[in-house]
Amino acid sequence: MKIVRVGDIIGTEREVHGPGWTSRRMLLKKDGMGFSFHETIIPAGGELNLWYKYHLEAVYCVAGNGTITDKATGETHDISDGTLYALDKHDQHTLRGGTEDMRLICAFNPPVTGQEVHDEDGAYLPDTSED
Ligand code: 9YT
């Protein structure tokens, strides 16, 4: 069994920052669960254009607020505590922070390996390492 406390991750290599987001990677590929599990903070007013071409992602909001726009349909959905979105079709999307920092719990399949940041399309590159 593993016990992971986010307080022990802050300020380590498992806390990764990008423009408009901070990700605390609580479980990575090397933890052997078959998915990675992150706490992500999107600051109020932030905007991210994302497109996880090589990953599926489920995101559960536990604090704050914001919106997600599905670029395929143009639809925008409110996000607040208790909302989950699942990018089951590698959906191209825009995530916007609202009036309060959003705290999101994210699971990636396949798992991220550690230091991934978004490419120009908003993707994380696929993991090509041998298991
Ligand atoms: C919600 C989202 O995709 N934010 C970008 C960071 C990502 N969740 C991560 O690496 O934790």
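In what follows, the structure referred to is the one given above.
Residues numbered from 1 in each chain as written. Predicted model: local features only at pLDDT ≥ 70, side-chain atom pairs only at ≥ 80, totals over all residues. Heavy atoms only, no water.

A. Spatial organisation of the overall build of the chain. Scanning the chain from terminus to terminus reveals zero helices and ten strands. Counted from the first residue to the last, the chain has its helices and strands arranged as β-β-β-β-β-β-β-β-β-β. Once the C-alpha set of the chain is aligned to its principal axes, its extents read approximately 40 × 30 × 25 Å. The buried share of the chain, reckoned over its 131 residues, is 40%. In the chain, 62% of the contacts between residues at least 6 apart in sequence involve partners at least 24 apart. Total accessible area on the chain is roughly 7200 Å²; 52% of this is exposed by carbon and sulfur atoms. Of note, the chain has its 12 positive side-chain charges centred 5 Å away from the centre of its 22 negative side-chain charges. (Helix = DSSP H or I, 4+ residues; strand = E, 2+ residues; numbered from the N terminus. Buried < 20%, exposed > 50% of the residue type's maximum accessible area, 1.4 Å probe, protein only. Contact = heavy atoms within 4.5 Å. Areas by Shrake-Rupley, 256 points an atom, 1.4 Å probe, with all protein chains shown as cover. Lys, Arg positive; Asp, Glu negative; His and termini not counted. Charge placed at Lys NZ, Arg CZ, Asp CG, Glu CD.)

B. Spatial organisation of the nonpolar core. By size, the foremost hydrophobic cluster in this structure holds 20 residues, and its most contacted members are Ile42, Ile79, Tyr85, Leu95, Met102 and Leu104. For this core, the secondary-structure elements that each account for two or more residues are β4 (47–50), β5 (56–63), β8 (84–87) and β10 (102–109). With four residues, the single largest contributor to this core is β10. Setting aside residues no more than four positions away along its own chain, Ile42 makes contact with Gly20, Trp21, Leu48, Leu95, Gly97, Asp101, Met102 and Leu104. (Core = buried A, V, L, I, M, F, W, Y, C linked by side-chain atoms within 4.5 Å.)

C. Region of interest: the site of the ligand. If you check the shell around the ligand, you find 15 residues, and the closest are Ser23, Arg25, His38, Tyr52 and Tyr124. In the model, an oxygen atom of the ligand is placed 2.8 Å from a nitrogen or oxygen of the Thr40 side chain. Within the side chain of Tyr52, an N or O atom sits 2.7 Å from an oxygen atom of the ligand. When isolated, the ligand has an accessible area of 310 Å², and the protein chains bury 100% of it. Elements with a minimum of two residues in the shell around the ligand: β2 (21–27), β3 (36–42) and β10. A class-by-class count of the residues in the shell around the ligand yields nine nonpolar, four polar and two charged. (Near = heavy atom within 4 Å. Polar contact = N/O pair within 3.5 Å; in protein donor to acceptor, adjacent residues only side chain to side chain. Nonpolar A, V, L, I, M, F, W, Y, C, P; charged D, E, K, R; others polar.)

D. Focus on the environment of Asn109. Within the secondary structure, Asn109 sits in strand β10. Remark: the alpha-carbon pair of Asn109 and Gly34, spanning 75 residues in sequence, is separated by 7.0 Å. In contact with Asn109, other than residues within four places in its own chain, are Gly34, His55 and Leu56.

E. Summary view of the environment of Glu39. Tracing the chain through its elements places Glu39 in strand β3. On the basis of relative accessible area, Glu39 is assigned to the buried category, the value being 4%. Through-space distance from the C-alpha of Glu39 to that of Cys61 is 9.7 Å; in sequence the pair is 22 residues apart. Excluding residues within four positions of it along the chain, Glu39 makes contact with Val6, Thr22, Ser23, Arg24, Met26, Arg103, Leu104 and Ile105. Engagement of the side chain of Glu39 in a polar contact is seen with the side chain of Arg103, the distance being 2.8 Å.

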